[in-house]
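# Secondary and tertiary structure notes
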Amino acid sequence: MSSQVEPAEVAESRIATGWGLDQWADRILEQAGFGVTVLDRHGTVMYYNKWASEHLDRKPEYIGNDVRKRHRRAVTNPRFDAMLRLFEEGRVEPVRYVARPYGRTTILVTVSPIRVDGELVGFSQVVLLKDEIQELCARFDESGRESFEREMLPDTPAVARDPAAGQCSSRRS
């Protein structure tokens, strides 16, 4: 008899039977389109994806080293340690904040605990660029889905919302 706890995605039927997310997890992280950094429970950098290396201060020599050595502002490490204590004390909800660690670039950060069999083993940090999010929202506010369809689906018929049906339908002119 195994004492191993069933992962939430299995218990909640959020994963296909017999399929393990670990089969694709590294590719999902690598190609996510936003920054991902993984730290162990002590704050050691274990992984960062390509996006993070291109948009954030991430370098190969950071792997295996304490992230605190890379923080530029004195106030950052006490805040970081306080956040880690929250997770060590049982917090399961992510911590979200906005930061400007590189001068002009504002980032939106989500730090989440990584637990295996109920034990805190590390943290994931997901980073988005505020300017990118604002641009997407502004484009959506200006033209809704049309700008996306023009850019991403240029060779397909335009799609319009059919208010009566509440679903998308092809626009016929």
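Preceding this paragraph is the structure being described.
Residues numbered from 1 in each chain as written. Predicted model: local features only at pLDDT ≥ 70, side-chain atom pairs only at ≥ 80, totals over all residues. Heavy atoms only, no water.

### Concerning the nonpolar core
As a reminder of what qualifies: Each nonpolar core is a collection of buried residues, namely Ala, Val, Leu, Ile, Met, Phe, Trp, Tyr and Cys, held together in the definition by side-chain atoms within 4.5 Å. Each residue's exposure class comes from its accessible area (1.4 Å probe, protein chains only) as a fraction of the maximum for that residue type: buried when under 20%, exposed when over 50%, partly exposed otherwise. Each helix corresponds to a stretch of at least 4 residues labelled H or I by DSSP, and each strand to a stretch of at least 2 residues labelled E; elements are numbered beginning at the N terminus. The contact criterion used throughout is that any non-hydrogen atoms of two residues lie within 4.5 Å.
Core analysis: the biggest nonpolar cluster contains 20 residues, and Phe87, Ile107 and Phe123 have the highest contact counts within it. Only β2 (45-48), α3 (50-55), α4 (76-88), β3 (95-99), β4 (107-116) and β5 (119-129) provide two or more residues apiece to this core. Residues within four places of Phe123 in sequence aside, it is in contact with Thr37, Val38, Leu39, Asp40, Arg41, Leu84, Phe87, Val111, Ser112, Pro113 and Ile114.

### Concerning the packing of aromatic side chains
Threshold: Whether two aromatic rings pair depends on their centres lying within 6.5 Å, for rings of Phe, Tyr and Trp, where Trp uses its six-membered ring; planes under 30 degrees apart make the pair stacked, over 60 edge-to-face, and the rest tilted.
The tally for this structure, following the rule as stated, stands at one aromatic pair. With a centroid separation of 5.6 Å and an interplanar angle of 40°, the aromatic rings of Phe87 and Phe123 are classed as tilted. Placement of Phe87 in helix α4 and of Phe123 in strand β5 is noted, with a sequence separation of 36 residues between them. The pair formed by Phe87 and Phe123 is uniform in burial state, with each residue classed as buried.

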